[in-house]
Amino acid sequence: MSEAFERARAEIAKLPTPTIEDFIEHAKTNFVELSLLFGEGFVVHAVNIAELYLDAQQRCSSCGM
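Residues numbered from 1 in each chain as written. Predicted model: local features only at pLDDT ≥ 70, side-chain atom pairs only at ≥ 80, totals over all residues. Heavy atoms only, no water.

**Q** I keep staring at the confidence of the model for the protein and nothing clicks. Help me out?
**A** Low-pLDDT stretches of the model should not have their predicted coordinates read in fine detail. Residues at a pLDDT of 70 or more form 97% of the protein, whose mean pLDDT is 92. By mean pLDDT, the top-scoring element of the protein is helix H2 (residues 20-29) (95), and the lowest-scoring one is helix H4 (residues 40-63) (91). (pLDDT = per-residue confidence, 0-100. Helix = DSSP H or I, 4+ residues; strand = E, 2+ residues; numbered from the N terminus.)

**Q** Whenever I open this one, the packing of H2 against H4 confuses me. Can you help?
**A** To characterise two packed helices, one gives the angle between the axes of the helices and the distance between these axes. H4 packs onto H2 with a crossing angle of 150° between their chain directions and a minimal axis gap of 10 Å. As the angle between them shows, H2 and H4 are arranged roughly antiparallel. Regarding H2 and H4, the two cross each other, and that crossing is left-handed. Two secondary-structure elements touch here, H2 through Ile20, Glu21, Phe23, Ile24, Ala27 and Lys28 and H4 through Val43, Ala46, Val47, Ala50, Glu51, Tyr53, Leu54, Gln57 and Gln58. (Axes fitted to C-alpha atoms, helices over the stretch in contact; angles between N-to-C directions. Parallel < 35°, antiparallel > 145°, perpendicular 65-115°, else oblique. Left-handed = near helix turned anticlockwise from the far one by under 90°. Contact = heavy atoms within 4.5 Å.)

**Q** What am I meant to see in the pattern of salt bridges here?
**A** For side chains bearing opposite charge, pairing can occur when the charged atoms are close. Applying the stated criterion across every chain yields a total of 4 salt bridges. Here Arg7 makes a salt bridge to Glu3, at a shortest N to O gap of 3.1 Å. Of this pair, Arg7 and Glu3 both sit in helix H1 (residues 3-12), 4 residues apart, which is roughly one turn of the helix. By the burial criterion, Arg7 is exposed, and Glu3 matches it. Linking Asp55 and Arg59 is a salt bridge whose minimum nitrogen-to-oxygen distance equals 3.0 Å. Here Asp55 and its partner Arg59 are both found in helix H4, 4 residues apart, which amounts to about one turn of the helix. (Salt bridge = Lys/Arg side-chain N within 4 Å of Asp/Glu carboxyl O. Buried < 20%, exposed > 50% of the residue type's maximum accessible area, 1.4 Å probe, protein only.)

**Q** Which parts of the structure should I look at to understand a nonpolar patch on the surface?
**A** Together, Leu37, Phe38 and Phe42 give the surface a local cluster of nonpolar side chains, amounting to about 370 Å² of exposed area. Of note, Phe38 is situated in helix H3 (residues 31-38). Residue classification places Phe38 among the partly exposed positions, given a relative accessible area of 47%. (Patch = residues over 30% accessible without salt bridge, like charges linked within 9 Å, V, L, I, M, F, W, Y side chains within 5 Å. Areas by Shrake-Rupley, 256 points an atom, 1.4 Å probe, with all protein chains shown as cover.)

This is the structure we're talking about:
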């Protein structure tokens, strides 16, 4: 990993972590701004990953795993 990534990770660790639902809602609500900053493909891919994670989290919590 790059040194810049490690520094950013350390700084972000000091902040409260949003829920996965908050992340998805924020990305969908602020899509234009985020896509201008990161690119449309990146934002759509991040939301898809988050939704898959949320689905797996909900299925696993309902079955007791």
